[in-house]
Amino acid sequence: MNRKITFLFCLMALVGTLKLSAQPSQTDTLNVNYYDNFPYAYMENGVLKGIEVDIIKKYVEWLKLQKDIVAVVNYKGYKEFSEFYNAVKKGGPRTIGLGSVTITEDRIKEVAFSPAYLRNIAVLITSGSVPSIKNPTAEEVGKVFGSMNALAVNESSHLKYMNTIKSSYLPSMQINGTETQNAILDKIAADGKSYGYIDIVAFWAYIKKNKKTYLKIQKAFNQPYEDLGFVLPFGASHFSSLNEFFENGFGFTSTKAYHEILQKYLGYEVLETLELK
């Protein structure tokens, strides 16, 4: 009799376990706003690609494996950084922004950030015919840049760096805003009289495609080791899980998958410098 009762109890427990394991996965929505910027997020032959896009795909896989959540992802692209940034800032709770966004003290007052996924160096670019400034002084900067056209992407950290040059060396500087880094590089290449800050990856990508264009880095003005992160509106529902994805264990940036994503999109010239370890 006791054996029968024990058998029935085990059978009921097994059935209960099977029912629990058969529970359907939770579903969630992820609204991904991205700033069209090679090699972070860009369209190629109708397919969305890039470093940030591939990392988000890994995050979606992680949600399914670790949280049993099936995320339905909706992508929306932006050509202008300021429009992208403001859309994320005002976005709903399921919004995540991919925009190669620098984590700064000013921005963390406006939006939430994921842990950093990549380092960045902002570099000042001129035409190759412009003299190199090695030890900046007001006299030398005025002599070289005084009659040139200063450029910066609107609402970017580069604008802050240009203003630093202005306050330190060239008070008469007038900074002209653009919406893309490529627009700055095109202007520098076309007239030889413009200069501006660019992310080193954007510069690398540009000269890779325009090998006959003579542009150079004014190394004395490098702004080294910024951190890039995904950006979210305050109160975003994915904030905690995205942080767990990046930081659990040794962290996503210590994985083979992370390294392979960077290898897929970056050249050896910048990979070792920018990869987080």
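Residues numbered from 1 in each chain as written. Predicted model: local features only at pLDDT ≥ 70, side-chain atom pairs only at ≥ 80, totals over all residues. Heavy atoms only, no water.

J.: Quick question: what am I supposed to make of the environment of Thr102 here?
T.: Along the chain, Thr102 turns up in strand β5 (residues 95-102). For Thr102, a relative accessible area of 5% corresponds to the buried category. Measuring from C-alpha to C-alpha, the distance between Thr102 and Phe230 comes to 9.0 Å, with 128 residues separating the pair along the chain. Excluding anything up to four places from it in sequence, Thr102 contacts Arg107, Phe113, Ser157, Glu226, Asp227 and Leu228. (Helix = DSSP H or I, 4+ residues; strand = E, 2+ residues; numbered from the N terminus. Buried < 20%, exposed > 50% of the residue type's maximum accessible area, 1.4 Å probe, protein only. Contact = heavy atoms within 4.5 Å.)

J.: Is there a simple way to explain the confidence of the model for the protein chain in this structure?
T.: A low pLDDT score tells you not to read the predicted coordinates there in detail. In the predicted model, the protein chain carries a mean pLDDT of 91, and the fraction of residues at 70 or more is 91%. Across the protein chain, the secondary-structure element scoring lowest on mean pLDDT is helix α1 (residues 2-21), at 48, and the one scoring highest is strand β6 (residues 112-113), at 98. Note that residues 5-11 has pLDDT below 50 and, in this model, zero contacts with residues that lie over four places away or in other chains. Confidence over residues 17-22 falls short of pLDDT 50; this stretch has zero contacts with residues more than four positions distant or in other chains. (pLDDT = per-residue confidence, 0-100.)

J.: Which parts of the structure should I look at to understand helix α3 (residues 81-89)?
T.: In an α-helix there are 3.6 residues to a turn, and that puts residues three or four apart on one side. If you check which residues of α3 are buried, you get Phe81, Ser82, Phe84, Tyr85 and Val88. Relative to the axis of α3, the buried residues are bounded by an arc of 160 degrees and lie together on one face. For α3, the secondary structure elements touched by its buried residues are β1 (26-35), β4 (69-78), β5, β8 (149-153) and β12 (223-232). (Arc of directions from axis to C-beta.)

J.: Explain the side chain of Glu226 to me, please; I cannot follow it from the model alone.
T.: Counting through the fold element by element, Glu226 comes out in strand β12. Buried charged residue Glu226 carries no salt bridge. Nearest counter-charge: Arg107, at 7.3 Å. A distance of 3.5 Å separates a polar atom in the side chain of Glu226 from a polar atom in the side chain of Thr102. For Glu226, the contacting residues outside a window of four places in its chain are Thr102, Leu118, Arg119, Asn120, Ala122, Ser157, Tyr161 and Asp199. (Lys, Arg positive; Asp, Glu negative; His and termini not counted. Salt bridge = Lys/Arg side-chain N within 4 Å of Asp/Glu carboxyl O. Polar contact = N/O pair within 3.5 Å; in protein donor to acceptor, adjacent residues only side chain to side chain.)

J.: I'm lost on the packing of helix α2 (residues 51-67) against helix α9 (residues 256-265) in this one. Help?
T.: For any two helices packed against each other, the geometry is given by the interaxial angle and the distance between the axes. Their axes nearest at 9 Å, the elements α2 and α9 cross at an angle of 155 degrees. Considering the angle they form, α2 stands roughly antiparallel to α9. Crossing geometry of α2 relative to α9 is assigned as right-handed. Facing Ile51, Asp54, Ile55 and Lys58 of α2, the residues of α9 in contact are Ala257, Ile261, Leu262, Lys264 and Tyr265. Here the residues of the contact of α2 with α9 sort into six nonpolar, no polar and three charged. (Axes fitted to C-alpha atoms, helices over the stretch in contact; angles between N-to-C directions. Parallel < 35°, antiparallel > 145°, perpendicular 65-115°, else oblique. Left-handed = near helix turned anticlockwise from the far one by under 90°. Nonpolar A, V, L, I, M, F, W, Y, C, P; charged D, E, K, R; others polar.)

J.: Looking at this model, I keep getting lost on the packing of aromatic side chains. Mind explaining?
T.: Two measures describe an aromatic ring pair: the distance that separates the ring centres and the angle between the ring planes. Across all of its chains, the model carries 20 aromatic pairs by this definition. Taken together, a centroid distance of 5.8 Å and an interplanar angle of 50 degrees make the contact between Phe230 and Phe246 tilted. Residue Phe230 is located in strand β12, and its partner Phe246 is located in helix α8 (residues 239-247); the two are separated by 16 residues in the primary sequence. With a relative accessible area of 4%, Phe246 lands in the buried category. (Phe/Tyr/Trp six-rings, centres within 6.5 Å; stacked < 30°, edge-to-face > 60°.)

J.: Sorry if this is basic, but what is going on with the pairing of strand β7 (residues 118-127) here?
T.: Along any regular strand, the residues point their side chains to alternate faces of the sheet. The element β7 is extensively covered by neighbouring structure, given that nine of its ten residues are classed as buried. Across four bridges, the pairing between β7 and β12 is antiparallel. Residue Ala122 lies in a different strand from β12, and its bridge partner there is Gln223. The pairing of β7 with strand β10 (residues 194-199) spans four bridges and is classified as antiparallel. In the sheet register, Ile125 faces β10, and the bridge partner there is Gly196. (Pairing = 2+ DSSP bridges.)

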